[in-house]
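# Summary of the model geometry
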Amino acid sequence: MSKPVKYILLLVLIGLLVLIRVFEDELFYDPYLLFFKSDYLHIDSPRREVLKLTLFTTLRYVLNSAISLGIIYVFFRDKSIIRFSVVIYAIAYVILIAAFLYFVIHPRQEDYYLFFNLRRFLIQPILLLLLLPAFYYYKIKQ
């Protein structure tokens, strides 16, 4: 892949991640977006539809993960890294969605900060920020 094509693909993929973030209010059902923008440590958890919230959170995670996998592929062009990343994303999803559902079903004010940070791993491409430098380090050590 030539460098200009690689840079254009990276720009498009990063642009897609930005668009997901910019249009999150319109694209996804998430009553916690407004909740965490307010003084959430002193108010009650918002009303929510658990199934709908879980499905939209899963959709957002899948979209972010697919785009992130595309970015990883463009960077490294190594299928073994992609396969490993898919496993990491799948394991992370199972663990994170279980914890997410616990906090959604059993909201307690003392857990809001932990819930806020855990939720970020589901709705933002934080794993990409962890995996890119790790794979880069792996590649230079080979």
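Our subject is the structure that appears above.
Residues numbered from 1 in each chain as written. Predicted model: local features only at pLDDT ≥ 70, side-chain atom pairs only at ≥ 80, totals over all residues. Heavy atoms only, no water.

Turning our attention to the overall build of the protein chain. Secondary structure summary: the protein chain contains seven helices and zero strands in total. When the helices and strands of the protein chain are read in sequence order from the N terminus, they spell out α-α-α-α-α-α-α. Seen through its C-alpha atoms, the protein chain measures out along the principal axes to roughly 50 × 30 × 25 Å. Taking all 142 residues of the protein chain together, the buried fraction comes to 40%. (Helix = DSSP H or I, 4+ residues; strand = E, 2+ residues; numbered from the N terminus. Buried < 20%, exposed > 50% of the residue type's maximum accessible area, 1.4 Å probe, protein only.)

Here we come to unusual backbone geometry. Of note, the phi angle at R77 is positive, near 50°, even though the residue is not glycine. Inspection of the secondary structure assignment puts R77 in the loop between α4 (50-76) and α5 (79-105).

Looking now at the packing of aromatic side chains. Any pair of aromatic rings gets described here by the distance separating the centres and the angle formed by the planes. This model, assessed by the stated rule, comprises eight aromatic pairs. Plain terms: the ring middles of Y102 and F103 are 5.5 Å apart, the flat faces sit at 70° to each other, and that makes the pair edge-to-face. A relative accessible area of 41% means that Y102 is categorised as partly exposed. Pairwise contacts between aromatic rings join F75, F76, F84 and F135 into one cluster. Looking at K52, its charged tip hangs above the ring of Y29, at a distance of 4.7 Å from the centre. (Phe/Tyr/Trp six-rings, centres within 6.5 Å; stacked < 30°, edge-to-face > 60°. Lys NZ or Arg CZ within 6 Å of the ring centre and 35° of its normal.)

To continue, consider the environment of F115. Along the polypeptide, F115 turns up in helix α6 (residues 112-123). Separated by 15 residues in the primary sequence, F115 and F100 place their C-alpha atoms 7.0 Å from one another.

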